[in-house]
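Residues per chain are reported as follows:
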Amino acid sequence: MRVQLCLLFLWTGGCVLAGSTPAPTNSAAPGAEIFNKPTLLRFQIALSAADADSLRRAPRAWVPADVLVDGRKFARVGLHIKGAQGSLRPFDEKPALTLRFGKFDSGQRLLGLRKIHLNNSARDPTYLCEDLAGELFRRAGVPAPRVAWATVELNERKLGLYVLKEGFSPEFLGLHFTNTHGNLYDGGLHREISEPLELESGDGPKDHADLRALADAAAEPDATRRWQRLTRTLDVDRFVSFMAMEVLAGHFDGYCLMQNNYRVYFDPAAQRAVFLPHGTDRMFYEPQAPVQPPMRALVANAVMTTPEGVKHYRQRLAELAGQAFQAEWMTNRINAAVRLLDPVEPLVTREAQPLTERVVARAEFLRVKAALPGRKEP
């Protein structure tokens, strides 16, 4: 119990934060038992031989699986292989998996969660980046999936440690929005909002009219009118926070810098679009990365080519650099996870040290570079 309390203290930031408030937790929220403290679960997944062969032929096709989670039995859980480029692995190696507990039984949930991902962390040997990045985005006021960890056995084959991540499900949306029936789009692989993105869920228009309206506003040639149109179609405050945190945390493979790894939710209550981070397993690599890099993405560039957008961005960058990107709570969170994971994957302890050094160096760099909202980089 004493060890658990110590881990929880480190996880939430304890009382050591100066000028930053940990993201709020809700003990009644779906998945709270998993995500409100550092958690390691054991998944034992069983597939029939026919369904295993199906995944070998068509990795993204859903198949039913029987799943034990710390001894809790779930029958006919929907499962498919996930991943792209660097993280995609075939069935007989260490595949990343998506599990939908309500796929074949609509009422089935894992502690209130209907959809989770088991990420193989193929591009993150620390297994820590997605958790740390998610907490940073949430502290910035940007909705981001929560993270825990799991060991996985697939047909009695021990696959080792995984990152357990909540899906972009109605439960996730319900934690951040009063109305969960808006359109949620998957940004796909290096695709822009001006393209017909995949609609994951929602009761909004089926002809991408909401995406087109946002893209048209971002493409407005007159800067004054562009800003006015963006404020009517985009949650500008959240987007500027999203943009600033992608830069602060080094999400070079995210939306703003690479038009990649993102979701867009059209919030019916506010009638504006909200960008959500995704694929945050490659973060914190360059401590001295510039704080105002060129923005390749349509919406990011549209914001940063208006006087209002630049001013808003610099102010928010300075606020988040001082109030959210703080080395003390971040290193405490890393240490809490390492204590939990070291017994099952000692590699985490070795890889966590350079990650910690990069985080500390980035925080110090930002203390100087991002301190003044109007400061320009040399």
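Data block above holds the structure.
Residues numbered from 1 in each chain as written. Predicted model: local features only at pLDDT ≥ 70, side-chain atom pairs only at ≥ 80, totals over all residues. Heavy atoms only, no water.

Colleague: So what about the sheet that holds strand E8 (residues 184-186)? Which residues, and what values?
Modeller: Spatially, four strands are ordered E9-E8-E10-E11 in an open sheet, and the strand pairing comes out antiparallel. Looking at which strands have only one partner, the edges of the open sheet turn out to be strand E9 (198-201) and strand E11 (272-277). Across the sheet, the axes of successive neighbouring strands diverge by a mean angle of 30°, strand direction being ignored. The sheet contact formed by E8 and strand E10 (residues 262-267) spans three bridges and is antiparallel. For Leu184, the partnering residue across the bridge sits in E10 and is Tyr265. (Pairing = 2+ DSSP bridges. Helix = DSSP H or I, 4+ residues; strand = E, 2+ residues; numbered from the N terminus. Axes fitted to C-alpha atoms, helices over the stretch in contact; angles between N-to-C directions.)

Colleague: Outline the packing of helix H6 (residues 209-218) against helix H7 (residues 223-233), supporting the account with residue identities and numerical values.
Modeller: Running from amino to carboxyl end, H6 crosses H7 at an angle of 155°, the nearest separation of the two axes being 8 Å. Relative to H7, the element H6 lies roughly antiparallel. Relative to H7, the crossing made by H6 is left-handed. Mapping the contact onto sequence places Ala213, Leu214, Asp216, Ala217 and Ala218 in H6 and Arg226, Arg229, Leu230 and Thr233 in H7. (Parallel < 35°, antiparallel > 145°, perpendicular 65-115°, else oblique. Left-handed = near helix turned anticlockwise from the far one by under 90°. Contact = heavy atoms within 4.5 Å.)

Colleague: So, the packing of aromatic side chains: which residues are in play, and what are the values?
Modeller: Enumeration according to the criterion identifies 14 aromatic pairs in this entry. Relative to Phe242, the ring of Phe137 has its centre 6.1 Å away and its plane inclined at 40°; by these criteria the two rings are tilted. Of this pair, Phe137 sits in helix H4 (residues 129-139) while Phe242 is found in helix H8 (residues 236-248), placing the two residues 105 residues apart along the sequence. Note on Phe137: relative accessible area 1%, which makes it buried. Put simply, the rings of Phe137, Phe239, Phe242, Tyr255, Tyr262 and Phe275 pair up and form one aromatic cluster. The aromatic ring of Phe104 is capped on one face by Arg76, whose charged end is 4.9 Å from the ring centroid. When the ring centre of Tyr162 is taken as origin, the NZ or CZ atom of Lys94, which lies over that ring, is 5.0 Å away. (Phe/Tyr/Trp six-rings, centres within 6.5 Å; stacked < 30°, edge-to-face > 60°. Buried < 20%, exposed > 50% of the residue type's maximum accessible area, 1.4 Å probe, protein only. Lys NZ or Arg CZ within 6 Å of the ring centre and 35° of its normal.)

Colleague: Which residues make up the pairing of strand E2 (residues 63-69), and what are the values?
Modeller: Residues of E2 alternate between two faces, with Val63, Ala65, Val67 and Val69 buried on one and Pro64, Asp66 and Leu68 left unburied on the opposite face. Of the pairings in the sheet, the one linking strand E1 (residues 40-46) to E2 comprises four bridges and is antiparallel in character. Across the sheet, Gln44 pairs through a bridge with Leu68, a residue of E2. Here E2 pairs with strand E3 (residues 72-82) via six bridges, running antiparallel. In the sheet register, Pro64 faces E3, and the bridge partner there is Gly78. What sits between the antiparallel neighbours E2 and E3 is a turn of two residues, in which Asp70 has the positive phi angle 50°.

Colleague: Lay out the environment of Thr180 in plain terms, naming residues and giving numbers.
Modeller: When you line up the elements, Thr180 lands in the loop between helix H5 (170-176) and E8. By relative accessible area, Thr180 is classed as partly exposed at 24%.

Colleague: Explain empty space enclosed by the protein to me, and be specific about the residues and the numbers.
Modeller: Scanning the model with the defined rule gives three cavities of 30 Å³ or more in all. The volume enclosed by the largest cavity comes to roughly 50 Å³. Lys82, His117, Asn119, Pro145, Lys165, Glu166, Phe168 and His278 together form the lining of the largest cavity. Looking at the lining of the largest cavity, the elements that each hand over two or more residues are strand E5 (115-119) and strand E7 (157-166). (1 Å grid on protein atoms, 1.4 Å probe; cavity = no way out; pocket = protein on both sides within 12 Å on 5 of 7 lines; lining within 4 Å. Points joined across faces, edges and corners; volume = space filled by probe spheres on them.)

Colleague: Could you give me a rundown of the side chain of Asp281, with the residues and numbers involved?
Modeller: Relative to the assigned elements, Asp281 resides in the loop between E11 and helix H10 (298-304). Judged by its relative accessible area of 10%, Asp281 falls in the buried class.

Colleague: Residues and numbers for the nonpolar core, please.
Modeller: Ranked by internal contacts, the top residues of the largest apolar core, which has 75 residues, are Ile193, Phe239, Phe275 and Phe284. Considering each element in turn, this core owes the most residues, nine residues, to H8. Excluding its chain neighbours within four sequence positions, the residues that come into contact with Phe275 are Val142, Ile193, Leu214, Leu234, Phe239, Phe242, Tyr255, Tyr262, Arg263, Val264 and Val299. Ranked by size, the runner-up nonpolar core spans 31 residues in total, among them Leu55, Phe74, Val77 and Tyr162. (Core = buried A, V, L, I, M, F, W, Y, C linked by side-chain atoms within 4.5 Å.)

Colleague: Talk me through the layout of surface pockets; I want residue IDs and the actual numbers.
Modeller: Roughly 1000 Å³ of internal volume is contained in the largest pocket. Surrounding the largest pocket, 40 residues form its lining, Lys82, Asp186, Glu200, Arg263 and His278 being those nearest its centre. Secondary structure elements with two or more residues in the lining of the largest pocket: E3, strand E4 (96-100), E5, E9 and E10. No other element matches E9, which puts four residues into the lining of the largest pocket.

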